[in-house]
Amino acid sequence: MSSFPWLTALTLIPLLGGVVVIGLGEQKALARKLTLATSLLSLAVTLFLWGSFNAASGDLQFAEQHDWVKSLGIQYRLGVDGLGLLMLLLTAIVTPLSLMAAWRNDDRAHIYGALVLWLQAGLFGTFTALNFFHWFLFWELGLIPAFFLIKLWGGPNRGPAATQFFIYTMVGSVALLLSFLALNLATGSFDFIDLAAMAKRGEITTKLGDALGWKMLSYPTLVLIIFGGAFLGFAVKVPVFPFHTWLPSAYSEAPSPVTMLLTGVMSKMGVYGFLRILLPIFPEQVRMVLTPLLWLAVLTIVLSACAAFAQRDLKRMLAYSSINHLGYCLLAMFAAASVATGVNAPELQKAAALNGVLLQMFNHGLTASALFLFVGLLEKRSGGLRGLDDFGGIRKVVPVFTGLMGIALFSSLGLPGLNGFVGEFLIFKGVFPLASWAAAISTIGILVTAIFLLTLIQRVFCGPLNAKWAKIPELTPTELLLVLPGIVLMFVLGLYPQLVLGVIDATVVKMVQQLNF
Amino acid sequence: MLAWTIYISFAGVLVLMLLPRDDARAARKVALLTAIAGFAVALIGAMQQGNPGEIATITKCSWIPALGANYHLAADGISLTLVVLTGLAAIAGILFSWNIEKRAKEFFAFYLALIGGVYGVFLSFDLLLLFVFYELTIIPKYFLIARWGSTRKEYGAMKLALYSFVGSHLVLIGLIAVWVVAKGQLGHASLDLMELSKVAFPIGFQKWAFPLVFVGFGILAGLWPFHTWAPTGHVAAPTAGSMLLAGVVMKLGAYGCLRVAMVLFPEGAAMWSTTIATLAVIGIVYGAGVALVQKDFKFVIGYSSVSHMGFVLLGLATLNTVGLSGAVLQMFSHGIIAGLLFAVVGRMVYDRTHTRDFNDLETMGLSKLLPFASATFVIAGVASMGLPGFSGFVAELQVLMGAWKAFPTAAVLAGVGIVVGVAYTLRAVQKAFYADGEETSRTEGTDDHAMEPITVPERVGAVMLIATSLVIGLCPSLLLDWIEPCLRSELFQRLLAKGGAL
C-alpha cells in the first residue's frame with residue numbers, strides 16, 4: 001500500500017486540467033495542447049500504476065480510506081484490483097486517441113477539451129470508488145459532459161439523441177439510487193466491499209426484510225425488487241436488451257471522436273458495475289432469475305447483430321455491433337454466477353469466463369474506438385457521408401487505409417491472431433460447460449457479425465470503384481501515427497494476451513471465490 | 001448575539017428611510033452592508049453556539065404576562081441552519097437587484113424588513129412572537145411584488161397576500177385553541193414553545209388541531225393543493241423577490257410545520273402522516289409534470305419550487321431522524337438553488353431579453369451571447385436535478401431513505417419525480433440556451449450589442465450561491481452536525497418516537 005494517494009491524484013489531474021482549459025477561450029491551440037498534455041499525463045500515471053501493481057495478489061491496491069459523513073455511513077474509499085486497473089488503463093489510452101482524432105475541430109476547443117477531461121475524471125472516479133456515495137457522484141458526473149459533447153458538436157439529430165441518452169440513463173440511475181438507499185437503511189453501509197462480505201454470509205436478505213418490512217411481500221420477493229432496481233441502473237448503461245434503444249442514436253449523432261469515448265470507455269461502466277457491485281452484492285438474486293438473465297444476454301447478442309446487419313449507416317452499424325460485443329460479457333458474467341452443479345472443475349470454467357469478460361472489455365474498447373476513428377477519417381474525406389452504399393472499391397485508391405481498417409474490422413470479427421479473438425474464445429470456453437444452450441445460441445451472433453462485417457468490407461472497400469472517390473487522399477503521416485498504436489496493440493494482445501492476463505488473473509480468481517458459496 | 005440579525009435588518013430599514021429620495025447607489029450600498037452584517041452576525045453566533053443539540057436561549061423577557069407571552073428568542077441547530085440560509089439569500093438577492101433604479105430605497109427598505117421578519121420567525125421560541133414576525137413578513141412581500149414586479153403583478157401580489165393571510169389565520173385559530181387547552185392542563189397561561197412541547201394534548205384535540213395548524217403553515221410551504229399562489233407569485237415578483245420567496249419564505253411555512261405543528265402535536269402528526277406524505281408526493285410529481293409543459297421560463301422554475309418543497313414535506317411526514325434531517329437540509333439546499341435559478345432567469349436573462357417565452361428565447365442563441373449565464377444555469381440545473389456533488393443530492397438522499405422506512409411507495413414515486421425533474425430541467429436548458437436552430441441570432445445583429453455583459457455583482461452572487469451548494473454537497477457534515485444533534489434533543493423526542501427511530 002502506497003502512502004501517496006495515487007488514485008485521488010489520478011482523478012484530480014483531468015478534473016483540474018478541465019478547470020484550467022475552460023478558461024482558455026481565446027487561445028484555441030493552447031487549449032487543445034493543454035488538454036492533450038493532461039490526458040498524456042494521466043496515461044503516464046496509469047502506466048506507472050500498472051507497473052507497480054502486484055499482480056500476484058487479487059486484493060485491492062493503492063487503497064485510500066477516510067470518513068466523510070459518519071452519520072450516513074459515507075466514506076471516501078478508493079482502491080483498484082486488476083479489473084479497476086484495466087479499466088483505468090483503457091480510459092487513459094482511449095482519451096488521448098480521441099483528442100487527437102478531434103484535433104482539427106476548432107469550434108469552442110476550450111469547452112470541448114474541458115468536457116472531455118471532466119468525462120475522463122468521472123470515469124477514473126467510477127473505476128476507483130468503493131463507497132456508493134462518491135461512486136455514484138462520479139457515475140453521474142460523467143453524464144453531463146457526455147450530454148454536452150453530443151448536444152453541441154453532434155449531427156443533425158443531436159438534440160433528441162442527447163436528451164434520450166441522458167434521461168434514459170437517469171431513470172436507471174434513480175432506480176439504482178433507490179435500491180442502494182434501501183440497502184443502506186438495512187445494513188448501515190454504503191461500502192461495496194462490506195456489502196459483498198455480508199452477501200457472502202447470506203445476511204443481505206434478512207437485513208433488508210427486517211428493515212423494510214413491507215407486510216405483503218415475502219423477504220425473497222422484497223430483495224428481488226431491490227435487486228431489480230440496481231439491475232436496471234447497470235442494464236441501461238451496458239446496455240442490455242431491451243434497454244438499449246438510446247444507444248444507436250447517441251453513438252451515431254455524436255461526432256466520431258466522442259463516439260470513441262462513448263463506446264470505448266463509457267459502455268464499460270455498465271459491465272464494471274455488474275462485476276464490482278451487482279454480482280457480489282446480489283448473487284442469490286442473480287441465481288434466482290438466472291435463466292431470464294441468460295436469455296436477455298442471448299437476445300442482446302443475437303438481436304443486436306441482426307440489427308447491425310440491417311443498417312445502412314456505418315456508425316449505426318458499429319453502434320449495434322458494440323451492443324453485440326458487450327452482450328458476450330453479460331453472457332459470461334451471468335454464467336459465472338450460476339451454481340454450476342454437474343460441471344467438471346467449475347472454478348476453472350468460471351475463471352475462464354471472467355477472464356474473457358475483462359479481456360473482452362479491454363479489447364472491445366480498443367477495437368471499437370479504432371473502428372470509429374477510421375469511420376471519422378472516412379467522414380472527413382467524404383464530407384460527412386458515411387452510408388454503407390456511399391462508397392465502393394476504395395481499396396484501389398487508399399490501400400493503406402483499407403489494410404489498417406481491415407485489421408480493425410477483423411479484430412472485431414474475432415479473427416484468431418488479433419485481440420478480439422482471445423476474449424471471445426475464453427468467454428465461450430467458460431460458458432459452454434456452464435450454460436451450454438446459451439453459448440450455442442450465441443454463436444449465431446458471431447456468425448451474423450461475420451456476415452455484416454464482411455459485407456461492410458465488400459461494399460466499402462471492394463467491388464467497382466465509385467468514381468466520386470477516385471481522388472480521396474491516403475492516410476497522412478499524422479493520421480498514420482494516430483492509428484498505428486491501436487493496430488499494433490491489436491496484434492500484440494492477439495498473439496500475447498498474457499500481457500493483460502498476467503495482471504488480471506489473480507483478481508479473477510478472487511472474484512470466482514467471492515461468487516462461490 | 002443572534003438576535004442582532006433581526007435588529008440590524010430593521011436598523012437598515014430605518015437608515016434607508018432617511019436617505020435622499022433618488023439616491024439609488026447609496027440605497028444599494030446600505031442594503032448590502034446591512035445584509036452582510038446580518039450574515040456575519042449569523043455566522044459568528046452560530047459558531048459561538050456550543051452545542052447545537054441544545055436550545056440556547058438568546059433573550060427571554062416577559063411581554064404579556066396575562067397571556068403567558070414572552071419575548072423569547074432562542075436557537076438550536078435547525079434555527080442556525082435556516083438563519084445562515086437567510087443571510088446568504090439576503091446578500092445574493094441584493095447583489096442581483098443592483099440594477100434597480102426606480103424607487104430603490106423603498107425597494108431595499110421593504111426587502112430588509114422582510115429579511116428582519118424572517119430572522120425573527122426562525123429565532124422565536126414563543127408562539128405569539130413567532131406569529132407576529134410571521135405576519136410581519138406578509139406586508140413587505142405584497143409591496144415588493146405589487147410595485148416592482150412584472151407579469152400580472154397586482155394579481156400575483158394580492159393572491160399571495162390573501163393565501164398567506166388565510167394560512168396564518170388558520171394557524172391563529174389553532175394557537176388560540178392550544179392556549180386554552182394548555183392553560184387548563186398547566187394551570188397557567190403560556191405561549192412558550194418549550195413549555196407547551198411538554199404538554200400532552202388530548203388525542204381528539206390533536207386530531208383536528210394538527211391539520212389546522214399544519215395546513216395553515218403548509219399553504220406557505222407550497223403544500224399541494226394549496227400551492228397555487230406560488231407559481232403566480234414567483235413569476236410576478238421581481239428577481240430578488242422571487243429569490244427570497246422561493247428561497248426563504250416558503251421555508252417559513254415548512255419551519256412552522258416542523259417547529260409548531262409537529263412538535264406540539266406528535267400524535268396528531270402520526271395520525272395524519274400518511275395524508276401529508278401523499279400530498280407531498282403529489283406535489284413532487286405534479287409540480288415536476290406541470291413544469292415540463294410550461295411556455296414561460298420563469299414558470300418552470302416556479303413549479304419546480306413546488307416540486308422541491310414536496311421533498312421537504314415528504315421528509316417531514318416520515319417522522320424519523322433521517323427523513324427530518326433531509327427535510328431541513330433540503331430547506332437549506334433548495335433555498336440556495338432556487339435563488340440561483342431565479343437569478344439567472346430573472347436578472348441575467350429577462351432583464352436583457354425582455355422576454356421569458358421559450359419560443360422567443362430559442363431564436364436568440366443565448367449560449368453564445370451570454371455564456372456565463374448559460375454555464376450558471378446549467379450548473380444550477382444539475383444541482384436542482386439532484387446531481388451528486390451538490391447539496392440537493394444529500395438532502396434528497398436522506399428524504400428518500402426516510403421514505404423507504406415509512407412510505408416505500410412514496411419513495412418510488414418520488415424517484416419518478418426526480419426523473420421528471422431531469423426532463424424539465426433539460427428542456428429548459430435546451431430551449432432557453434442551447435436551442436438547435438441552425439440560424440440563431442446572427443440575423444438579429446443589432447440585438448447582439450444590446451445585451452449588456454453580466455455585471456460583477458451578478459457574477460459574485462452566482463459564484464457565492466454555486467460555491468455554497470458545492471461545499472454543502474461535498475461536506476454535508478457542516479450542516480448535518482447542526483441538524484442531527486438537534487433532532488436528538490428533547491423537543492423532538494415525542495415526535496420521533498411515533499415514527500420509529502432510525
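Nothing here was measured: the structure is a model prediction, and the numbers come from that model. (Residues numbered from 1 in each chain as written. Chains lettered and ligands numbered in written order. Predicted model: local features only at pLDDT ≥ 70, side-chain atom pairs only at ≥ 80, totals over all residues. Heavy atoms only, no water.)

K.L.:
In this structure, what is going on with the overall build of chain B? I would like to understand it.
P.N.:
Scanning chain B from N- to C-terminus turns up 23 helices and two strands. Its C-alpha radius of gyration of 22 Å places chain B within 12% of the 23 Å reference for a compact globule of 502 residues. Seen along its three principal axes, the alpha-carbon backbone of chain B occupies a region of about 75 × 55 × 40 Å. Looking at chain B as a whole, 67% of its 502 residues are labelled buried. Entry remark: accessible area of chain B is about 15900 Å², with carbon and sulfur atoms responsible for 67%. One finds the centroid of the 32 positive side-chain charges in chain B at a distance of 5 Å from the centroid of its 29 negative side-chain charges. (Helix = DSSP H or I, 4+ residues; strand = E, 2+ residues; numbered from the N terminus. Rg over C-alpha atoms; globule rule 2.2 N^0.38 Å. Buried < 20%, exposed > 50% of the residue type's maximum accessible area, 1.4 Å probe, protein only. Areas by Shrake-Rupley, 256 points an atom, 1.4 Å probe, with all protein chains shown as cover. Lys, Arg positive; Asp, Glu negative; His and termini not counted. Charge placed at Lys NZ, Arg CZ, Asp CG, Glu CD.)

K.L.:
Even after reading the chapter, I still don't get the overall build of chain A, so can you show me in this structure?
P.N.:
Across its full length, chain A carries 21 helices and two strands. Computed over C-alpha atoms, the radius of gyration of chain A comes to 22 Å, within 12% of the 24 Å expected from 2.2 N^0.38 for 517 residues, which places it in the range of a compact globule. Projected onto the principal axes, the alpha-carbon positions of chain A cover approximately 70 × 55 × 45 Å. Buried positions account for 67% of the 517 residues belonging to chain A.

K.L.:
Would you take a moment to explain the interface of chain B and chain A for this structure?
P.N.:
How large an interface is tends to be reported as the accessible area lost when its parts come together. Chain B puts 36 residues into the contact, and the matching count from chain A is 33 residues. Interface area, chain B with chain A, both sides summed: about 3100 Å², of which 78% is carbon and sulfur. At the boundary of chain B and chain A, one finds zero salt bridges. For the interface between chain B and chain A, the tally reads seven residue pairs in polar contact (both at pLDDT 80 or more). Where the side of chain B that touches chain A is concerned, the elements lending two or more residues are helix H17 (371-385), helix H18 (391-406), helix H19 (408-432), helix H21 (456-474) and helix H22 (477-487) of chain B. Among the elements that make up the side of chain B that touches chain A, the one with the highest residue count is H19 of chain B (ten residues). Class assignment of the residues belonging to the side of chain B that touches chain A gives a composition of 26 nonpolar, six polar and four charged. (Contact = heavy atoms within 4.5 Å. Buried area = accessible area lost by both parts, 1.4 Å probe. Salt bridge = Lys/Arg side-chain N within 4 Å of Asp/Glu carboxyl O. Polar contact = N/O pair within 3.5 Å; in protein donor to acceptor, adjacent residues only side chain to side chain. Nonpolar A, V, L, I, M, F, W, Y, C, P; charged D, E, K, R; others polar.)

K.L.:
Looking at this structure, how should I read unusual backbone geometry?
P.N.:
Residues apart from glycine generally show negative phi values, whereas peptide bonds are mostly found in trans. For the peptide bond that leads from Val 238 of chain A to Pro 239 of chain A, omega is -5°, which places it in the cis range. In this fold, Pro 239 of chain A is placed in the loop between helix H10 (219-237) and helix H11 (247-253). The step from Phe 241 of chain A to Pro 242 of chain A runs through a cis peptide bond, and the omega angle for that step is 5°. Summarising the element assignment, Pro 242 of chain A is placed in the loop between H10 and H11. A positive phi angle, near 50°, is found at Arg 103 of chain B, a position not held by glycine. Tracing the backbone through its elements, the reader meets Arg 103 of chain B in the loop between helix H3 (77-95) and helix H4 (104-123). By relative accessible area, which is 39% here, Arg 103 of chain B ends up partly exposed. Its identity is not glycine, yet His 354 of chain B carries a phi of approximately 55°, on the positive side. Using a relative accessible area of 60% as the deciding quantity, one classes His 354 of chain B as exposed.

K.L.:
Can you help me understand the pattern of salt bridges in this one?
P.N.:
Close approach of charged atoms lets side chains of opposite charge pair. Evaluated as defined, the whole model comprises 20 salt bridges over all chains. Residue Arg 201 of chain A is joined to Glu 203 of chain A by a salt bridge in which the shortest nitrogen-to-oxygen separation is 2.8 Å. By relative accessible area, which is 22% here, Glu 203 of chain A ends up partly exposed. Linking Lys 431 of chain B and Glu 362 of chain B is a salt bridge whose minimum nitrogen-to-oxygen distance equals 3.7 Å. Of this pair, Lys 431 of chain B sits in helix H19 while Glu 362 of chain B sits in helix H15 (residues 358-362), placing them 69 residues apart in sequence. Looking at Glu 362 of chain B, the relative accessible area reads 27%, which means it is partly exposed.

K.L.:
I tried to follow the packing of H4 of chain B against helix H11 (residues 239-264) of chain B on my own but got confused; where do I start?
P.N.:
Helix-helix packing is characterised by the crossing angle of the two axes and by the distance between the axes. Residues and elements named next belong to chain B. Between H4 and H11, the shortest axis-to-axis distance is 11 Å and the interhelical angle comes to 20°. Of the possible angle classes, the one that applies to H4 and H11 is roughly parallel. By crossing handedness, the relation of H4 to H11 is classed as left-handed. Two secondary-structure elements touch here, H4 through Phe 107, Tyr 111, Leu 114, Ile 115, Val 118, Val 121 and Phe 122 and H11 through Ala 240, Leu 244, Val 248, Val 249, Lys 251, Leu 252 and Tyr 255. Across the contact of H4 with H11, the residue classes break down as 13 nonpolar, no polar and one charged. (Axes fitted to C-alpha atoms, helices over the stretch in contact; angles between N-to-C directions. Parallel < 35°, antiparallel > 145°, perpendicular 65-115°, else oblique. Left-handed = near helix turned anticlockwise from the far one by under 90°.)

K.L.:
Whenever I open this one, the confidence of the model for chain B confuses me. Can you help?
P.N.:
Note: predicted coordinates in regions of low pLDDT should not be interpreted at a detailed level. Residue and element names in this part refer to chain B. Summarising the model, chain B shows a mean pLDDT of 88, and 96% of its residues fall at 70 or more. Contacts for the low-pLDDT stretch residues 438-449, under 50 throughout, to residues beyond four places or in other chains number ten contacts. Here the complex is predicted with pTM 0.91, and the ipTM for its interfaces comes to 0.88. (pLDDT = per-residue confidence, 0-100.)

K.L.:
Could you clarify how one ought to interpret the packing of aromatic side chains in this entry?
P.N.:
Each aromatic ring pair is described using two quantities: the centre-to-centre distance and the angle formed by the ring planes. Residue and element names in this part refer to chain A. Considering all chains together, one arrives at 55 aromatic pairs over all chains under this definition. Ring geometry for Phe 227 against Phe 282: centres 5.7 Å apart, planes inclined by 65°, an arrangement best described as edge-to-face. On the criterion of sequence distance, the pair formed by Phe 227 in helix H10 and Phe 282 in the loop between helix H12 (256-281) and helix H13 (283-288) is long-range, its members being 55 residues apart. Here Phe 227 falls in the buried class, since its relative accessible area comes to 5%. Here Tyr 251 and Phe 372 contribute two aromatic rings whose centre-to-centre distance is 6.3 Å and whose plane-to-plane angle is 85°, an arrangement assigned as edge-to-face. Taken together, the residues Tyr 251 in helix H11 and Phe 372 in helix H16 (residues 346-382) connect sequence positions 121 residues apart. Judged by its relative accessible area of 2%, Tyr 251 falls in the buried class. Over the aromatic face of Trp 103 sits the side chain of Arg 32, whose NZ or CZ is 5.4 Å from the ring centroid. (Phe/Tyr/Trp six-rings, centres within 6.5 Å; stacked < 30°, edge-to-face > 60°. Lys NZ or Arg CZ within 6 Å of the ring centre and 35° of its normal.)

K.L.:
Looking at this model, I keep getting lost on helix H6 (residues 143-153) of chain A. Mind explaining?
P.N.:
In an α-helix there are 3.6 residues to a turn, and that puts residues three or four apart on one side. Within H6 of chain A, eleven of the eleven residues are buried, leaving the element largely enclosed by the surrounding structure. Those residues of H6 of chain A lying buried are Leu 143, Ile 144, Pro 145, Ala 146, Phe 147, Phe 148, Leu 149, Ile 150, Lys 151, Leu 152 and Trp 153 of chain A.

K.L.:
Can you help me understand the environment of Ala 211 of chain A in this one?
P.N.:
Examined against the element boundaries, Ala 211 of chain A turns out to sit in helix H9 (residues 203-212). A relative accessible area of 16% places Ala 211 of chain A in the buried class. Taking the C-alpha atoms as reference, Ala 211 of chain A lies 5.0 Å from Ala 186 of chain A; in sequence the two are 25 residues apart. Beyond its immediate stretch of four places on either side in the chain, Ala 211 of chain A contacts Leu 185 and Ala 186 of chain A together with Lys 405 of chain B.

K.L.:
Even after reading the chapter, I still don't get the side chain of Asp 192 of chain B, so can you show me in this structure?
P.N.:
All names here are of chain B. Within the fold, Asp 192 resides in the loop between helix H7 (153-186) and helix H8 (193-196). For Asp 192, a relative accessible area of 2% translates into the label buried. There is a polar contact of 3.0 Å between the side chain of Asp 192 and the backbone nitrogen of Met 194. Setting aside chain neighbours within four positions, we find Asp 192 in contact with Lys 60, Gly 68, Asn 70, His 72, Phe 125 and Asp 126.

K.L.:
Sorry, what's going on with the side chain of Lys 237 of chain A here?
P.N.:
Residues and elements named next belong to chain A. Position of Lys 237 among the secondary structure elements: in helix H10. Salt bridges are absent for the buried Lys 237, whose nearest opposite-charge side chain, Glu 140, sits at 7.0 Å. Setting aside residues no more than four positions away along its own chain, Lys 237 makes contact with Trp 139, Leu 143, Thr 169, Trp 246, Met 266, Ser 267, Met 269 and Gly 270.

K.L.:
How do you make sense of the packing of H4 of chain B against helix H5 (residues 127-136) of chain B when you look at a structure like this?
P.N.:
Residues and elements named next belong to chain B. Axis separation between H4 and H5 bottoms out at 8 Å; the angle between their running directions is 155°. If you check the angle between H4 and H5, you find them roughly antiparallel. Considering the relative orientation of H4 and H5, their crossing is left-handed. The residues of H5 that touch H4, namely those facing Gly 116, Gly 117, Gly 120 and Val 121, are Leu 130, Phe 133 and Tyr 134. Residue composition of the contact of H4 with H5, by class: four nonpolar, three polar and no charged.

K.L.:
Just to check I follow, could you spell out a nonpolar patch on the surface for this structure?
P.N.:
Residue and element names in this part refer to chain A. Together, Leu 484, Val 488, Phe 491, Val 492, Leu 495, Tyr 496 and Leu 499 make up an exposed nonpolar region whose accessible area comes to about 640 Å². With five residues, helix H20 (residues 477-495) is the largest single contributor of residues to the nonpolar patch. Relative to the helices and strands, Leu 484 resides in helix H20. (Patch = residues over 30% accessible without salt bridge, like charges linked within 9 Å, V, L, I, M, F, W, Y side chains within 5 Å.)

K.L.:
What is the right way to read the pairing of strand S1 (residues 56-64) of chain B from this model?
P.N.:
Regular strands place side chains that alternate from one sheet face to the opposite one. Residues and elements named next belong to chain B. Summarising the sheet, S1 and strand S2 (residues 69-75) pair through seven bridges and their orientation is antiparallel. Residue pairing across strands places Ala 56 opposite Ala 75, the latter belonging to S2. Between S1 and the antiparallel strand that follows it, S2, lie four residues; Gly 68 among them carries a positive phi value of about 75°. (Pairing = 2+ DSSP bridges.)

K.L.:
Any chance you could explain helix H15 (residues 314-336) of chain A here in plain terms?
P.N.:
When the terminal C-alpha atoms of H15 of chain A are compared, their 34 Å separation across 23 residues agrees well with the 33 Å that a helix rising 1.5 Å per residue should span. Capping of H15 of chain A at its N-terminal end is provided by Asp 313 of chain A; its side-chain oxygen lies 2.7 Å from the backbone amide nitrogen of Lys 315 of chain A. (Expected span 1.5 Å × (residues − 1).)

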